[in-house]
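One-letter residues, chain by chain:
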Amino acid sequence: MGRTTSARHTTTVQPSSGWVAMRFGELWDYRELFYFLTWRDIKVRYKQTALGAAWAVLQPVLTMIVFSVFFGKLAGIPSGDVPYPVFAFAALVPWTFFASAIALAGNSLVEQERILAKVYFPRLIVPTAAVLASLVDFGIAFVVLLGLMLVYGIVPSAALLVLPFLVLLAAATALAVGLWLSALNVKYRDIRYAIPFAVQLWLFISPVAYPSSLVPEPWDAVYGINPMAGVIDGFRWALLGAEPPGATLAISVLVTGGLLAGGLLYFRRMERSFADIV
Amino acid sequence: MTDVAVRAVRLGKLYRVGERQPYNTIRDVITASARARLRRLGRPSNGSAHDPSTEAKSMWALRDVSLELREGEALGIIGRNGSGKSTLLKILSRITEPTEGHAVISGRVGSLLEVGTGFHPELTGRENISLNGAILGMPRADIQRKFDEIVSFAGIERYIDTPVKRYSTGMHARLAFAVAAHLEPDILIVDEVLAVGDAEFQKRCMGKMGDAARSGRTVLFVSHNMAAIESLCSRTIWLEGGRCAADGTSSEVISRYLATCLSVLSDHVWPEPELAPGNDRVRIRRARVRPEQGEPEDQISVATPFVIEFEYWNMREGARLNLSLHVYNEHGVIVFNAIPTEELVWHGRPFPRGLFRDTCHVPANLLNEGVHRIELLVVADSCHVIHRMEDILVFEVRDIDDSRDGWYERRVGAVRPRLAWETEHLVAIDSTASGDA
Ligand SMILES: Nc1ncnc2c1ncn2[C@@H]1O[C@H](COP(=O)(O)OP(=O)(O)OP(=O)(O)O)[C@@H](O)[C@H]1O
Ligand SMILES: [Mg+2]
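Conventions used here
Residues numbered from 1 in each chain as written. Chains lettered and ligands numbered in written order. Predicted model: local features only at pLDDT ≥ 70, side-chain atom pairs only at ≥ 80, totals over all residues. Heavy atoms only, no water. Helix = DSSP H or I, 4+ residues; strand = E, 2+ residues; numbered from the N terminus. Buried < 20%, exposed > 50% of the residue type's maximum accessible area, 1.4 Å probe, protein only. Contact = heavy atoms within 4.5 Å. Areas by Shrake-Rupley, 256 points an atom, 1.4 Å probe, with all protein chains shown as cover. Salt bridge = Lys/Arg side-chain N within 4 Å of Asp/Glu carboxyl O. Axes fitted to C-alpha atoms, helices over the stretch in contact; angles between N-to-C directions. Parallel < 35°, antiparallel > 145°, perpendicular 65-115°, else oblique. Left-handed = near helix turned anticlockwise from the far one by under 90°. Nonpolar A, V, L, I, M, F, W, Y, C, P; charged D, E, K, R; others polar. Patch = residues over 30% accessible without salt bridge, like charges linked within 9 Å, V, L, I, M, F, W, Y side chains within 5 Å.

Colleague: For this particular structure, what's the right way to read the overall build of chain B?
Modeller: Assigned secondary structure in chain B consists of ten helices and 18 strands. Counting over 437 residues, chain B shows a buried share of 47%. Pairs at least 24 apart in sequence give 71% of the contacts found in chain B among residues at least 6 apart. Carbon and sulfur atoms form 51% of the exposed surface of chain B, whose accessible area is close to 22,100 Å².

Colleague: Is there a simple way to explain the pattern of salt bridges in this structure?
Modeller: Side-chain pairing between opposite charges can occur once the charged atoms of the two side chains come close. Residues and elements named next belong to chain B. One pass over the structure, following the stated rule, counts 32 salt bridges over all chains. Between D399 and R416 there is a salt bridge, with the nearest N and O atoms lying 2.9 Å from each other. Here R416 lies in the loop between strand 18 (384-398) and helix 10 (431-436) and D399 lies in the loop between strand 18 and helix 10, a separation of 17 residues in the sequence. Here D399 matches R416 in class, with each residue buried. A single network of salt bridges, built from pairs that share partners, joins R70, E73, R235 and D247.

Colleague: I keep staring at the packing of helix 4 (residues 84-111) of chain A against helix 6 (residues 125-151) of chain A and nothing clicks. Help me out?
Modeller: Residue and element names in this part refer to chain A. Two numbers describe how helix 4 lies on helix 6: the axes approach to 8 Å, and their chain directions differ by 165°. Accordingly, the angle class assigned to the pair helix 4 and helix 6 is roughly antiparallel. Crossing angle aside, the handedness with which helix 4 passes helix 6 is right-handed. Of the residues belonging to the contact of helix 4 with helix 6, the class tally is 23 nonpolar, three polar and no charged.

Colleague: Explain the packing of helix 5 (residues 140-154) of chain B against helix 7 (residues 199-214) of chain B here, please?
Modeller: All names here are of chain B. The N-to-C vectors of helix 5 and helix 7 enclose an angle of 135°; their axes lie 11 Å apart at closest approach. If you check the angle between helix 5 and helix 7, you find them oblique. Contact with helix 5, carried on its side by E149, S152 and F153, involves F201, R204 and K208 of helix 7 and no other residues of that element. Considered class by class, the residues forming the contact of helix 5 with helix 7 number two nonpolar, one polar and three charged.

Colleague: Can you help me understand a nonpolar patch on the surface in this one?
Modeller: Residues and elements named next belong to chain A. Taken together, the side chains of L51, W55, L58, L62, I65, V66, V69, F70 and L74 present a nonpolar region at the surface, about 830 Å² in accessible area. Its place among the elements puts L58 in helix 3 (residues 54-74). L58 sits in the partly exposed class, given a relative accessible area of 30%.

Worth remembering: the numbers are spatial, not functional.
As structure tokens, then:
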């Protein structure tokens, strides 16, 4: 039965007080669950929707068309040296990822309440898996973006090398916001209804439909407080050869770091009461 | 390697109750804090931080439970609804934190609290096995290796590629149990699986848990099925209001538990005739159920002859009274109606004023196991019901081990007679002849 092959490990259950340890080692023990929950989130989403993976393409593409007609053509919003459609799409790809990841992660714990009430595993896995699952849609949309750049004959510069870092920043921001939202959502069920609204507002304060150069001089660095501004400016820099975001990006990284650390601590603190509340 | 698998020291769990929903909306929080602030304004001198209203809204679901379980021991946990059984299991499987005390658990825990843990309705049985295995902490290689065994144990081969949302409740439960049973954890924690699934599946569950216990695993098993507890667990604890009321050998703890559960209703005495139930024609003095032999408080089993006894005052000279008993089972079915037609001395005669006692003898092997209720009717002149009392007695007929014959579910039917039965071997089949044909 192989029970004696590995040393028996001992667990102690006791009330935790104050701020609890992060227990990252335990997450490693549960790495397979990361894989399975991510895989499940992807599978369920593609199973439940008639269009399946096509959604990942349709959503940003349709938004890009609408933006191009109304903001690009009718409102005449400047898009720098690149045509407006590819300018908007380069922002919509990370934005769509971010928006769907925080919605999925924010509702993840509440949707898993049956499991939370009946099995133990590190709860952190649930919102993290939701963010990871959203990366698949991002990958698909990114391929479309590359196709669009090809069509417009845009060749990225060496700045392309920072792209993985920008994706990481977007994922970290989504995780940070997702941790806060999911933990709050267990306690305050109106968060669920606030998420779509917040996403909508956030879209307007992010430079998706317009360039961040429209923001006047003393405010453009402060603009980086919205980490998605740093991510989107970074994408345009890396792919379309726009101005490097500089201070905006640096502030975004700091803000995301703070948000993520706070989110992890808050999540861990709330975690012990999840099973009692759901 | 230590010999102790679970050591719990003074575990306690405080729950906040009261509000209809434990979770709030932000509006609730704002109004509550505003109200608290107003209250503080109203009573500025009250320096104590202790708010009596929060105390009233909390409840100890578990208190002061200490427990030491050796490796390979199978422990049954019994108690009424809400006595804290599931709470104890949830603490030990780390789903919820104790409010006080601590527990040290050595070994991997596999827990199955209620059914369908962690299944996703959109995924197929196959996909859910992998997912559920991972949730329960089973390594992927193990899941692959045991896959066929799990499927055949659950008996859902034909539905393995069907989404779980199309499964019946029973199939769901079978699959859930199958995965958990193949976890091979060091400590198996099971909460009321036997409540679902058909008899055949229940038998397999019990078999699997028995195997687990015999192969040196520690089992904690909560159930309301005393027969199942008694046959699987040598030791049982009884929780009452969150505290441990008894801890000992299963048969002993179970009979004490059942006795206190029901004794209140199996013997009623009303010493003062003025305060007794009844009217100006009849007053009840006592009602009780007791075994024919032995102590009155002994348990009644399906194999025990017992008596139902009433004492009553006849208040009117010359009344022709008779009692009529309706015995109901727990499904609300009247198992029988007893009237004293076989009684020779007083039946049909006028009663003088005074105290009477009627004793009705119920033979062994008549009632099935379960809780029975008696409704008493006092009848005058064989046709007028002059007094009626529902649930005047409530008593439990227990199952006994030896008549179960490996069958863990209760036998169906309102009665459970032992009937004479013969089986005869009439013709032998010639093996060579049938083999050639
Ligand atoms: N999450 C919770 N929040 C508040 N109270 C709870 C919570 N869970 C359980 N309780 C309360 O704790 C008490 C013990 O519940 P528990 O589920 O442990 O009972 P049980 O012995 O398993 O009962 P049953 O036999 O019905 O399964 C009950 O009074 C219940 O209402
Ligand atoms: Mg329970």
